[in-house]
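An overview of the molecular structure
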Amino acid sequence: MKAVVKEQTLFDHEGDTLSLDRDVNFEIICEEPLVVVLKNVVSDEECTALINLSKDKLKRSKIGDARQTDEQRTSSSMFFEENENDLIITIENRISNIMNIPIAHAEGLQILKYSPGQEYKAHYDFFNENSKAASNNRISTMVMYLNEVTAGGDTYFPSLDISVSPEKGSAVYFEYFYNDQNLNNLTLHGGAPVIEGEKWVATQWMRKQRIR
Ligand SMILES: O=C(O)CCC(=O)C(=O)O
Ligand SMILES: [Fe+2]
């Protein structure tokens, strides 16, 4: 019989609560690759502030090394600068604690807005091994939901048969820094089309090495 050896994970928290500047509750919904749903990550006030600070700066989202627009991703988005303001500093520090990765490895926080019919088709967050960006590749993601979506907009993982419904202040975390590339590939995921209402999310991507 082949022994099942579990790989080490980045998210290394025990129990079901993280006592940070607020109490964040979490539940592991897949062990390998690790997928975690977290509640109470972002307060109502922070959700509102993130939306208000970004709404006049949104542009049609781009993807890939060439930064082109594509039907793959029809949302609008923007990035905050690192340490852009006190709110961003507070949230980045909380995220860094949750993701268990120093803030120096964090890309700027991205805000995404989807209107009805808009989606982000299934994709990997890590860069293709042949791309330039892969030399300091992404290793983990946390998607935070900033509003209540009336209908649709789930984050889905087709290879894992998992789907997470957006809930204001909650988040989904996953990582893809496994030695076994099959595990990384299982983190294929997408944002399902919004059916009614808007969907606002903040995405944090972490890199293997520092980028700031
Ligand atoms: O909108 C979602 O549910 C997923 C977003 C996402 O996959 C990303 O920002 O990389
Ligand atoms: Fe993604």
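Residues numbered from 1 in each chain as written. Chains lettered and ligands numbered in written order. Predicted model: local features only at pLDDT ≥ 70, side-chain atom pairs only at ≥ 80, totals over all residues. Heavy atoms only, no water.

1. Focus on the packing of aromatic side chains
Rule in force here: Ring geometry is summarised as follows: Phe, Tyr and Trp rings, the Trp one being its six-membered ring, pair when their centres sit within 6.5 Å, and such pairs are stacked at plane angles under 30 degrees, edge-to-face over 60 and tilted between the two. Burial classification: accessible surface area is computed with a 1.4 Å probe over protein chains only, and a residue below 20% of its type maximum counts as buried, one above 50% as exposed, and the rest as partly exposed. In this scheme, Lys NZ or Arg CZ marks a charge over a ring once it lies within 6 Å of the ring centre and within 35 degrees of the ring normal.
By the definition in use, this model includes seven aromatic pairs. Taking 6.0 Å as the distance between ring centres and 50 degrees as the angle between the ring planes, the aromatic pair formed by phenylalanine 174 and tyrosine 176 counts as tilted. Across this residue pair, the class does not change: phenylalanine 174 and tyrosine 176 are buried. Among the aromatic side chains, those forming a connected cluster through ring pairs are Tyr124, Phe126, Phe157, Phe174 and Tyr176. The lysine or arginine in question, arginine 138, covers the ring of tryptophan 205, its NZ or CZ lying 3.7 Å from the ring centre.

2. Quick word on the coordination of the iron ion (ligand 2)
Heads up, the condition is: In this description, a donor is an N, O or S atom within 2.8 Å of the metal centre, a cutoff extended to 3.2 Å for sodium, potassium and calcium. Water is not part of the atom list, which can make sites seem incomplete. Strands are runs of DSSP state E lasting at least two residues, helices are runs of H or I lasting at least four, and both sets are numbered from the N terminus onward.
Distances from the iron ion (ligand 2) to its protein donors, namely His123 (NE2), Asp125 (OD) and His189 (NE2), fall within the range 2.1 Å. Mapped onto the sequence, the donors of the iron ion (ligand 2) take the spacing H-x1-D-x63-H. Highlighted residues: histidine 123 in strand β7 (residues 120–123) and histidine 189 in strand β13 (residues 189–191), separated in sequence by 66 residues. Of the two residues, histidine 123 and histidine 189, both sit in the buried class.

3. Thoughts on helix α2 (residues 86–99)
Stated precisely, the cut-off is as follows: In a helix, the anticipated span is given by 1.5 Å times the number of residues less one. Here a polar contact is recorded for every N or O atom pair within 3.5 Å, except that within protein the pair must consist of a potential hydrogen donor and a potential acceptor, and residues adjacent in sequence are included only if both atoms are side-chain atoms.
Spanning 14 residues, α2 covers 20 Å between terminal C-alpha atoms, matching the ideal 20 Å at 1.5 Å per step. N-capping of α2 is provided by asparagine 85, with a side-chain oxygen placed 3.1 Å from the backbone N of leucine 87. Among the residues trailing α2, asparagine 100 stands out with phi positive, at a value near 65 degrees.

4. Considerations on the sheet that holds β7
We apply this condition: Two strands qualify as a pair provided that DSSP identifies no fewer than 2 bridges between them. Angles run from 0 to 180 degrees between N-to-C directions of axes, and those axes are lines fitted to C-alpha atoms, restricted for helices to the stretch in contact.
The four strands lie next to each other as β7-β13-β10-β11, forming an open sheet whose pairing is antiparallel. Each edge of the open sheet is held by one strand with a lone partner, namely β7 and β11 (162–164). Across this sheet, the average inter-strand angle for adjacent strands is 15 degrees, counted without regard to direction.

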